[in-house]
Amino acid sequence: MSSMHSSSLFDVKGKVVLVTGGSRGIGLMIAHGFVVNGAKVYISSRSADVCDKVAAELTKLGPGECISLPADLQSLEEVHRLTAEITKRESKLNVLVNNAGATWGAPIESYPDSAFEKIMSLNLKRVFSLTQAMLPLLDAAATVNAPASIINIGSVDGIHIPMLETYAYSASKAALHQMTRVLAGHLGHRHITCNAIAPGPFESKMMAATLRDFGDVIVGNIPLGRIGLPEDIAATSIYLASRAGAYTTGAIIPVDGGSLVKAKA
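Since this is a predicted model, take the numbers as computed values, not measurements.

A.B. asks: Describe the overall build of the protein, with residues and values.
C.D. replies: Secondary structure summary: the protein contains eight helices and seven strands in total. Since a compact globule built from 265 residues should have a radius of gyration of about 18 Å, the 18 Å found for the protein is in line with a globular shape. Carbon and sulfur atoms make up 59% of the accessible area of the protein, which amounts to about 12600 Å² in all. The centroid of the 23 positive side-chain charges in the protein is displaced by 5 Å from the centroid of its 22 negative side-chain charges.

So this is what it looks like as structure tokens:
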């Protein structure tokens, strides 16, 4: 029972972590949480300048460090290039956070086929591609008592019916939740856990316009009465990546202030 000491239960010091879409929004919140708790965090995003700048800022905060590896994960070549870049630098990967994603809202009559393709590809197919590519590094990190951890960022919109017409986004996140369970079932014997976090509303670029236009309505539908804070999403990720979450796999964890359980009028 020696590992029951509270500080070691949530310890992620020295773990090697990759956060896709890590330069802003929820990805940045998660990367920040790991860095300040002593992990070595790689972040990827499409914009090299932003990625480099954010990594430098996070490294200053310490005690962990942050390294920028820009990549456009829409492309399978880029998925493999990112994997090669990390493989050059690391012999193992403890935590893979699949956060990169996109959304698109439009009325059903004018919803473009190209948008549907793009959203399903980035939010679902490329999560699979990157997970598949990173398996050798995850395997190298995995042990019985300290499994490697895959954390997929889903959404409450993959569980309930969203207010806005985000057909592909909602479908992609529901599919991602199911794929999370399937991966968990097949990777457990390799000592790799796979879980999804389903965030409710957080302050992010993706949510900015929605919060500006419907902020009061959104908060009114959250039993805990507030928008999510960076600590809320970072802490859930740290739980899943640490000893605390070593026996949790195949879970879809809503981090939404209770929006999914609000009693309807």
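On we go.
A.B. asks: So what's going on with the environment of Gly14? Which residues, and what values?
C.D. replies: Here Gly14 shows up in the loop between helix H1 (6-9) and strand S1 (16-20). Separated by 105 residues in the primary sequence, Gly14 and Ile119 place their C-alpha atoms 34 Å from one another. Not counting residues within four places of it along the chain, the set of residues in contact with Gly14 comprises Gly38, Ala39 and Asn94.

A.B. asks: Lay out the side chain of Thr180 in plain terms, naming residues and giving numbers.
C.D. replies: Mapped onto the elements of the fold, Thr180 is located in helix H6 (residues 167-187). By relative accessible area, Thr180 is classed as buried at 0%. In this structure, Thr180 is in contact with Asn152, Cys194, Asn195, Ala196, Ala251 and Ile252, ignoring residues within four places of it in sequence.

Procedures and definitions
Residues numbered from 1 in each chain as written. Predicted model: local features only at pLDDT ≥ 70, side-chain atom pairs only at ≥ 80, totals over all residues. Heavy atoms only, no water. Helix = DSSP H or I, 4+ residues; strand = E, 2+ residues; numbered from the N terminus. Rg over C-alpha atoms; globule rule 2.2 N^0.38 Å. Areas by Shrake-Rupley, 256 points an atom, 1.4 Å probe, with all protein chains shown as cover. Lys, Arg positive; Asp, Glu negative; His and termini not counted. Charge placed at Lys NZ, Arg CZ, Asp CG, Glu CD. Contact = heavy atoms within 4.5 Å. Buried < 20%, exposed > 50% of the residue type's maximum accessible area, 1.4 Å probe, protein only.

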